[in-house]
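Architecture at a glance
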Amino acid sequence: MAITTPASHGATTDPYRVFFPLGILMGIAGVSIWPLFHWGVTSGYSGQSHAFIQTNCFLYAFIVGFLWTAVPRFTGAKAPGRAVQYFLAAILVAELMAFELYYFTAGHVLFVIAHVTFVAVVINCFVQRQHPPPETFVFVGLGLMAGLAASVINAASALTWISPAWQLLGKRLLTEGMVLLLVLGVGGFLGPRLLGFAQLPNFQNLEKLSDRKAVSWALKWPRGFNAVCGLLLVASVVVEYGWNYTFVVWLRAVVTTAVALVNVQPWRLPSTRTTLAWCVWVAHWLLIASLWLIAVFENNHIDFLHVMFMGAFTLLILAVGTRVVLSHGGYTLAEERRSWPLRIGLTATLIAISARLSAIIASTPHSYFSHLAWAAIVWIAGIGLWGIYLFRRIWIHHRGTERGT
């Protein structure tokens, strides 16, 4: 599949320009607690703070940046303006500060505000849609609802309105619920296209809702398959963490594997042999592997959850973030072929995962936190160097547009 130079179809008000750089900074802030604690800069740490910063701030900023940029184009609706973008960005910054300072009640309440704002814009796009959304975006809808439930549970628990026993369910509805579902929705659509197995849609020639005719069962079944799998994934999280039936972790592994195999086809090597395509391919195998490792090694659930977060999700952020910035900025996609920022990010991610997993065999607390610290340092180096590349691409386009060049 040839790589071509896309026509610029972005604007200086595209949401990714705000939320991608913000997400990089938040991710670095979230993992910095480990080297700071290990080398004595801080006297303590909070794993809970780290977890919520990474999900509710770092990952969430990229989720917002991508979906608020992509959904309006997929649906033919109006994109959110700068005012609402800056409002949500300010809420995320305040949320980051709250979690960093261990003000968890404030952090969870702020996330409710952030998520309601985010979902309201997406729903508005869906209501005003001129085109049907991609078939895999049923996962996006379910993921947003799982996130809404999680935000309410976490805030209500922090405010002592409900029992603390709900806390784990709220936390996992974010990680193995909302984020996983959103990744399956976005990855299921973009994955085969970034791997070269399908073409991206032409937004000028998308099918109008008013022009739709009767659709055959052969075309309807993928949407039904995705809907059933999405509901099973939500149910598995609720049953496992709400009723403590841990056997459903196997169901989650089976369903996620089936969804990835059907929608992305990772058993095939990428048709487009670019660094970006290899990032997507490796990411989906790490996603599948992480869920099976979690199922098999029940006592190391948190450790292998990092294969999903540090590995699969980070690599998808690198790949999708690069494609969005290049395509919306009017840059040539030839930059994806042998992208050194992406290669550095891919290599650093794999080394960081290895360092994090090696903490399992640590014999002392000092050794354990040493593994965490070095894993964090390598991860920060990888995403930081990629981030510098991304900042330059976003800033150069913005500066050139403002000058009329």
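Residues numbered from 1 in each chain as written. Predicted model: local features only at pLDDT ≥ 70, side-chain atom pairs only at ≥ 80, totals over all residues. Heavy atoms only, no water.

Here we look at the overall build of the chain
The number of helices and strands found in the chain is 13 helices and zero strands. In summary, the chain has a C-alpha radius of gyration of 20 Å against a globular reference of 22 Å for 405 residues, a match within 12%. Overall size of the chain, expressed as C-alpha extent along the three principal axes, is 60 × 45 × 45 Å. Taken across its 405 residues, the chain has 54% of its residues classed as buried. In the chain, the share of contacts with a sequence separation of at least 24, taken over all contacts with a separation of at least 6, comes to 80%. Per element, the accessible surface of the chain, about 17300 Å² overall, is 67% carbon and sulfur. Looking at charge distribution, the chain has the averaged site of its 25 positive side-chain charges lying 9 Å from that of its 13 negative ones. (Helix = DSSP H or I, 4+ residues; strand = E, 2+ residues; numbered from the N terminus. Rg over C-alpha atoms; globule rule 2.2 N^0.38 Å. Buried < 20%, exposed > 50% of the residue type's maximum accessible area, 1.4 Å probe, protein only. Contact = heavy atoms within 4.5 Å. Areas by Shrake-Rupley, 256 points an atom, 1.4 Å probe, with all protein chains shown as cover. Lys, Arg positive; Asp, Glu negative; His and termini not counted. Charge placed at Lys NZ, Arg CZ, Asp CG, Glu CD.)

Comments concerning the nonpolar core
Ranked by internal contacts, the top residues of the largest apolar core, which has 124 residues, are Leu67, Phe118 and Trp386. Counting residues per element, this core draws most heavily on helix α11 (residues 301–329), which supplies 17 residues. (Core = buried A, V, L, I, M, F, W, Y, C linked by side-chain atoms within 4.5 Å.)

Topic: the confidence of the model for the chain
Averaged over every residue, the pLDDT of the chain is 91; residues scoring 70 or more account for 91%. Segment residues 1–8 is flagged for pLDDT under 50; beyond a separation of four residues in sequence, or across chains, it makes 24 contacts in the model. (pLDDT = per-residue confidence, 0-100.)

Observations concerning the pattern of salt bridges
Considering all chains together, one arrives at six salt bridges under this definition. Between arginine 252 and glutamate 176 there is a salt bridge, with the nearest N and O atoms lying 3.0 Å from each other. With arginine 252 in helix α9 (residues 248–263) and glutamate 176 in helix α7 (residues 167–194), this pair connects stretches of sequence that are 76 residues apart. What makes glutamate 176 buried here is its relative accessible area of 1%. (Salt bridge = Lys/Arg side-chain N within 4 Å of Asp/Glu carboxyl O.)

Quick look at unusual backbone geometry
Most peptide bonds are trans, and most residues other than glycine sit at a negative phi. Although it is not a glycine, tyrosine 102 adopts a positive phi angle of roughly 70°. Position of tyrosine 102 among the secondary structure elements: in the loop between α4 (82–100) and α5 (104–127). A residue is classified by how much of its surface remains accessible, and tyrosine 102, at 42% relative accessible area, is partly exposed.

Remarks on the environment of proline 132
Within the element layout of this structure, proline 132 appears in the loop between α5 and α6 (138–158). Assessed through its relative accessible area of 19%, proline 132 is described here as buried. Each C-alpha atom of the pair proline 132 and phenylalanine 74 lies 7.6 Å from the other, and the pair is 58 residues apart in sequence.

Some words on the packing of aromatic side chains
Within the structure shown, the criterion is met by 28 aromatic pairs. Ring pairs connect the aromatic residues Tyr16, Phe20, Phe58, Phe62, Trp379 and Trp386, which therefore count as one cluster. Its end group placed over the ring of phenylalanine 52, lysine 171 keeps NZ or CZ at 5.9 Å from the ring centre. In this structure, arginine 393 packs its charged tip against the face of tyrosine 331, placed 5.3 Å from the ring centre. (Phe/Tyr/Trp six-rings, centres within 6.5 Å; stacked < 30°, edge-to-face > 60°. Lys NZ or Arg CZ within 6 Å of the ring centre and 35° of its normal.)

Focus: the side chain of glutamine 54
Within the secondary structure, glutamine 54 is located in helix α3 (residues 47–75). Assessed through its relative accessible area of 10%, glutamine 54 is described here as buried. Non-local contacts of glutamine 54, meaning those with residues more than four positions away in its chain, are made with Met26, Gly27, Gly30, Val31, Leu59 and Trp379.

Regarding the packing of helix α10 (residues 275–296) against helix α12 (residues 340–358)
For the pair α10 and α12, interaxial distance at closest approach is 9 Å and the crossing angle is 20°. Overall, the two elements α10 and α12 adopt an arrangement that is roughly parallel. The chirality of how α10 crosses α12 is left-handed. The segment α10 lies against α12, with Thr275, Leu276, Cys279, Val282 and Leu286 engaging Leu342, Arg343, Leu346, Leu350 and Ile353. Tallied by class, the residues present in the contact of α10 with α12 amount to eight nonpolar, one polar and one charged. (Axes fitted to C-alpha atoms, helices over the stretch in contact; angles between N-to-C directions. Parallel < 35°, antiparallel > 145°, perpendicular 65-115°, else oblique. Left-handed = near helix turned anticlockwise from the far one by under 90°. Nonpolar A, V, L, I, M, F, W, Y, C, P; charged D, E, K, R; others polar.)

Observations regarding α11
An ideal rise of 1.5 Å per residue puts 42 Å on 29 residues; α11 measures up with 40 Å between its terminal C-alpha atoms. Two residues or fewer after α11 comes glycine 330, characterised by a positive phi angle close to 80°. (Expected span 1.5 Å × (residues − 1).)

What to know about the side chain of serine 290
Considering the arrangement of structural elements, one finds serine 290 in helix α10. Accessibility expressed as a relative area gives 0% for serine 290, which makes it buried. A distance of 2.7 Å separates the side chain of serine 290 from the backbone oxygen of leucine 287, its partner in a polar contact. Those residues in contact with serine 290 that sit more than four places away from it in its chain are Phe304, Val307 and Met308. (Polar contact = N/O pair within 3.5 Å; in protein donor to acceptor, adjacent residues only side chain to side chain.)

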